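Single-letter residue listing:
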Amino acid sequence: MITLDRYWPAQTNVAECIRTEAEVVDDAVLLAVHEPGPLITRSAVGAVERRATEGDLLESLMRDASDGSAVLVAITGESGVGKSHMVRWLHAQLQRHLRRDQLVIVLVPKTASLRQVVERILEPLKGAAYENLLAELSKAVEHLQPRDAAALLGTALSNELAQKFDSGMEALRQAGLDNRPLRERLDLTKKLRDLIREPEVLDGWFSAVLERIVRQTLEGGSETQKGELRRFVPEDLIIPEDWSPEIVKPAVQSALQQLTRNDGASRPLAAEILQDALDPALRTVFQFSKALGQRTIEDIVDEIRRALLQDNKELVLLIEDFAALAGIQQPLLNLIIAESDPGGVRVRAPIRTVLAVTDGFLPGRQTILTRAKQEWFIPNTEATPEVIVERLTNLAGRYLNAARWGADALQEQFKKKKVADLGNWVVTFREALSAEDEDKLSAFGTSRQGYPLFPLSKISIDTMCRRELRVGNELRFNPRGFINAVLRETLNLRPLFEAGAFPPPNFKAAAPPGGVVVLLATRGWPQDQCKR
C-alpha cells in the first residue's frame, strides 16, 4: 500500500512534464497533456467564420497539392493561447502520418536564434554542402558583438525608415490622395528616423533596446522569455525618467514630444513602424547572402526542393512564431509561396508550411492570410467563464496524470500503442491506497477523462483561474498562464505537503466566508493554521 503523496507528482516529473512551452517536451509528453480545444477558421478578409476541429487543421495541411500550389496554414491568436502547442501537435501527428516516408519535416521553434533558424531550414541539404554552409554561417555571426551589431542595426533602421518615408510620400503624390491615416503614419516614420539618427538618443537610451533585440536574435530565447524581447513593443518608446538630453535638434525634439503626447497614444503605431522596418534592417546587419556564397535562402531552398522532387518527397516547414524571425521573414515568405508547377511543369517538390502568427505583432500579417486564403484562429474566450474553467480543469487532469507517470514511462506507453488516434494511448495512473486515503483522493474529484485532480480540485481551480487569468472583467483562456500560476506554483509546494503544512497561509490570497472565519476563531487554533 502507498500513501496519498504518490499522487502528488515528484518535482523531477513536474520539471519534465509541466512546461510552459511546447518545444521543450518530446512528442509523448506533448500528446499526453494535449487537451483538444476550439478552432475557428476565417476567410482572409474575415467575412466568413466557422467552427473547426484539429482534424480539419491536419487535413488542411495535408490537402491534395497536385495542382502545384504551395500549401500555407496560418494559426493565429493572442500570446499564450497555445499556438506553439498546436504546431507541435501537428508535428507529432505527422510523425505517424500514412505519408510520413514522403515528408521531409523541418520544425523551427520560437526560441531558436536566427542562425539556428537558417540552419534548420537548410538541414535537408545534409552532406558536405550543408557542413560548409554551417561553417560560413558561424563565421558570419560569431564576429558580431551585440553592442557593435546594435549600432549597425540603428543605422540600417534609419535607412529603412527613410526609404519607407520617401516611397510612401511618392505613392501619395502619384495617387493624388488625401489619406490622413497614411500621412500620419509617414509623419511618424520620419520622426522615428530623425530620432534613431541622433547619437545622444542612441547612447543615452535607445541603444539598449536595439542591443536587446540583437542579443535575442543572436542567441535565441528560452521557454521563460516572451517573444516581445525580439520585437519592438510600445514600452520601448517610453522615454526613461533618468534620461535628459542636453541639446537635441528641433526635429528630434519634435519626435520626443510626439511619443509623449496624449499619454503616449502614438507609441503602438511607432512600435509597428519600427517592427515593419526590422526585417530588412536585420538582413543588412547579418548579411546571410554573403555567408551563403552570394546566394539567397530562397535560392538554396529551391535547390533543396528540386533535389527532393527527384526522390518523390515533399518539404514541410513548421514555424512556431513567424514574428520572431525578423531578418529572414521576407525571404521565408518568398520561398513558402513558390509553387512547384510554374507554367504547368513540375520543377520542384511541393512545400507545405504552418506559420503561427501572434496577433498584433506582425505588420505583414494580412499578406500571409491572403496567401493562406484563411486563418485558423485559437480563441482565448468562450461563451461563459464556466466553459473556460471546465477546459482548464480537464487540462489540469491531463498534466497531473502525465507528471505522475513521468517522461520515461510515457515514452514507453507511446511506443507500445500503435494507434491512429494519438489521444487514446495514455494510461490513467492508479496505485492501491488505503480506504482512508482513497476517500481523500476521491474528495478532490476527477477531470472529464477520469484523472484525479489531487492536490487541486474543481473548486480550487475555479477560484485560482478567476484570480489569475482575468483581463479586466473578462476571464481569458491562457494555458501558459494557467500552467505557471496554477499548476506549477501549486505542485512546487510538495515539500510543504510532506511536512503537513500545505497549503501555506493565505495561499493565492484565498479568503474563507465570514461564517467560516467565526467558526475557526472558536477552535483556539494558531493563527497560521487558521489562515491555511
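None of these values were measured; they are calculated from a predicted model.

Conventions and cut-offs
Residues numbered from 1 in each chain as written. Predicted model: local features only at pLDDT ≥ 70, side-chain atom pairs only at ≥ 80, totals over all residues. Heavy atoms only, no water. Salt bridge = Lys/Arg side-chain N within 4 Å of Asp/Glu carboxyl O. Helix = DSSP H or I, 4+ residues; strand = E, 2+ residues; numbered from the N terminus. Buried < 20%, exposed > 50% of the residue type's maximum accessible area, 1.4 Å probe, protein only. Core = buried A, V, L, I, M, F, W, Y, C linked by side-chain atoms within 4.5 Å. Contact = heavy atoms within 4.5 Å. Axes fitted to C-alpha atoms, helices over the stretch in contact; angles between N-to-C directions. Parallel < 35°, antiparallel > 145°, perpendicular 65-115°, else oblique. Nonpolar A, V, L, I, M, F, W, Y, C, P; charged D, E, K, R; others polar. Phe/Tyr/Trp six-rings, centres within 6.5 Å; stacked < 30°, edge-to-face > 60°. Pairing = 2+ DSSP bridges. Arc of directions from axis to C-beta.

K.L.:
Would you mind showing me how to read the pattern of salt bridges here?
P.N.:
A side chain with one charge can pair with a side chain of the opposite charge if their charged atoms come near. As enumerated under the stated definition, the model contains 36 salt bridges in all. One salt bridge in this structure joins R448 and E35, with 3.1 Å as the shortest N-O distance. In this pair, R448 sits in the loop between α18 (435-443) and α19 (458-468) while E35 sits in the loop between α2 (27-33) and β1 (39-43), placing the two residues 413 residues apart along the sequence. One salt bridge in this structure joins D276 and R185, with 3.9 Å as the shortest N-O distance. Residue D276 is found in helix α11 (residues 267-286), and its partner R185 is found in helix α8 (residues 180-197); the two are separated by 91 residues along the sequence. What makes D276 partly exposed here is its relative accessible area of 29%. In this structure, a network of salt bridges that share partners links the residues K164, R185, E272 and D276.

K.L.:
Quick question: what am I supposed to make of the nonpolar core here?
P.N.:
A general tendency of soluble globular proteins is for nonpolar side chains to be buried together. Judged by nonpolar contacts, the single largest core of 82 residues is most densely connected at L122, L153, F206, F232, F286 and I328. Top element by residues in this core is α11. It accounts for ten residues. Among all residues touching L153, those that are not within four sequence positions of it are L210, V214, L278, A281, L282 and V285.

K.L.:
I tried to follow the packing of helix α5 (residues 114-122) against helix α6 (residues 127-142) on my own but got confused; where do I start?
P.N.:
For the pair α5 and α6, the least separation of the axes is 11 Å and the interaxial angle reads 170°. One element, α5, and the other, α6, form an angle in the roughly antiparallel class. Counting all contacts with α5, which are made through R115, V118, E119 and L122, the residues of α6 involved are Y130, L133, L134, L137, S138, V141 and E142. Its residues placed into classes, the contact of α5 with α6 shows seven nonpolar, one polar and three charged.

K.L.:
Whenever I open this one, the packing of aromatic side chains confuses me. Can you help?
P.N.:
Using the criterion set out here, one finds eleven aromatic pairs in the structure. A centroid spacing of 5.0 Å and a plane angle of 55° characterise the contact between F414 and W425, whose relative ring orientation is tilted. Linking F414 in helix α17 (residues 407-416) with W425 in the loop between α17 and α18, this pair joins segments that are eleven residues apart in sequence. Relative to F454, the ring of F444 has its centre 4.9 Å away and its plane inclined at 80°; by these criteria the two rings are edge-to-face.

K.L.:
Help me understand the environment of N132, please; the structure alone is not making it clear to me.
P.N.:
Tracing the chain through its elements places N132 in helix α6. It is 9.2 Å that separates the C-alpha atoms of N132 and L292, two residues lying 160 residues apart in sequence.

K.L.:
Got a minute to help me understand unusual backbone geometry in this structure?
P.N.:
Residue P455 follows F454 across a cis peptide bond; omega there is 10°. Within the secondary structure, P455 sits in the loop between α18 and α19. The residue after F502, namely P503, is reached through a cis peptide bond having omega -5°. Note that P503 resides in the loop between α21 (494-498) and α22 (514-521). In the Ramachandran plot, N262 falls in the positive-phi region, its phi being about 55° despite a non-glycine side chain. Overall, N262 belongs to the exposed group, its relative accessible area being 62%. Positive phi, normally seen in glycine, also occurs at D263, with a value near 55°.

K.L.:
Explain the sheet that holds strand β6 (residues 351-358) to me, please; I cannot follow it from the model alone.
P.N.:
Backbone hydrogen bonds hold the strands of a sheet together, and the pairing may be parallel or antiparallel. The seven strands are arranged β2-β1-β7-β3-β6-β5-β4 in an open sheet whose pairing can be described as mixed. The open sheet has two edge strands, β2 (49-52) and β4 (103-108), and neither has a second partner. Between one strand axis and the next, the sheet turns through 20° on average, direction left out of account. Pairing analysis gives six bridges linking β4 to strand β5 (residues 314-319), with the strands arranged parallel. Each residue of the ladder has a partner; that of I105, found in β5, is V316. Helix-sheet contacts for helix α3 (residues 54-61) involve β1, β2, β3 (71-77), β6 and β7 (374-377), and the interaxial angle to β3 is about 145°.

K.L.:
Where do I start with helix α10 (residues 250-260) in this structure?
P.N.:
Since the α-helix advances by 3.6 residues per turn, residues separated by three or four positions end up pointing in the same direction. Residues V252, A255, L256 and L259 constitute the buried set of α10. The arc that holds every buried residue of α10, seen down its axis, measures 100°, which confines them to one face. For α10, the elements touching its buried residues are α8, α9 (199-219) and α11. Positive phi shows up at N262, right after α10, with a value of about 55°.

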